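An overview of the molecular structure
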Amino acid sequence: GDVYKRQLSILIIYSLFAVILFNKIDRWYLLILENLCISLILILISMKVYNSKNDKVLLLKRILYAPMVYLIYLQIQYYIRPLNPYLYDDILIKIDYMIFGINPTYALYKIVNPILTEYLQITYMTYFIMPIIQGIELHIKKNEDNFNHFVTTIFFSFFLSYLFYLFMPAIGPRFTIHNFDTLSLELPGLW
């Protein structure tokens, strides 16, 4: 219900971006078509699940939450440059200096080793996995109120961050501070 309504709202906003920026986005009409297809899927699933007591139908609905976040994330890339062509990496780097007194990646050079690099990479990747694990736990426990609150909070956070990214886009220190081609030498990993 509510999660799908929020996803549909984001798809409507993105479709409006595509219409408004049609002269700045190649194949803008395909984005709208994609949003219409995703919306149709969301509506059909929502209708099927609304009165269903079948646990498998409910599980299917819940499994589809994660890909929807990813599909919506992929689209934000098309709107960033037309809406805000400036990158704010320089401001974010200055904020890092204000907080840490040094660029955090340079500070890590003192203790860098392949095991630490892999550990930090895996830790970073849990950012994407932890919400799925938490959702699975709440689904298994059949705690509907907590599950719905959790999913709503996660979706709102992701979507809000995507929209804020339009106002302050950045490509990150691995491209602005470091030479991406020599990154494996600066921060060597096992893999």
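Quantities reported herein were computed from a predicted structural model and do not represent experimental measurements.

On to unusual backbone geometry. Even without a glycine there, the phi angle at Arg-27 is positive, about 55°. Relative to the elements of secondary structure, Arg-27 occurs in the loop between helix 1 (2–20) and helix 2 (28–50). A relative accessible area of 55% places Arg-27 in the exposed class. Positive phi, normally seen in glycine, also occurs at Lys-142, with a value near 55°. With respect to the helices and strands, the residue Lys-142 is situated in the loop between helix 7 (114–140) and helix 8 (144–167).

By size, the foremost hydrophobic cluster in this structure holds 31 residues, and its most contacted members are Tyr-14, Tyr-79 and Tyr-162. Listing elements by their share of this core, those giving two or more residues are helix 1, helix 2, helix 4 (65–83) and helix 8. Those residues in contact with Tyr-14 that sit more than four places away from it in its chain are Asn-35, Ile-72, Gln-75, Ile-76, Tyr-79, Tyr-162 and Leu-163.

According to the stated counting rule, one finds one salt bridge in the structure shown. Residue Lys-141 is joined to Glu-137 by a salt bridge in which the shortest nitrogen-to-oxygen separation is 3.0 Å. Judged by relative accessible area, Lys-141 falls into the exposed class, the value being 57%.

Before going further, it helps to spend a moment on the side chain of Ser-39. With respect to the helices, strands and loops of the structure, Ser-39 is situated in helix 2. Judged by relative accessible area, which is 14%, Ser-39 ranks as buried. Beyond its immediate chain neighbours, meaning those up to four positions away, Ser-39 contacts Leu-8 and Leu-11.

Reading the values: the criteria
Residues numbered from 1 in each chain as written. Predicted model: local features only at pLDDT ≥ 70, side-chain atom pairs only at ≥ 80, totals over all residues. Heavy atoms only, no water. Helix = DSSP H or I, 4+ residues; strand = E, 2+ residues; numbered from the N terminus. Buried < 20%, exposed > 50% of the residue type's maximum accessible area, 1.4 Å probe, protein only. Core = buried A, V, L, I, M, F, W, Y, C linked by side-chain atoms within 4.5 Å. Contact = heavy atoms within 4.5 Å. Salt bridge = Lys/Arg side-chain N within 4 Å of Asp/Glu carboxyl O.

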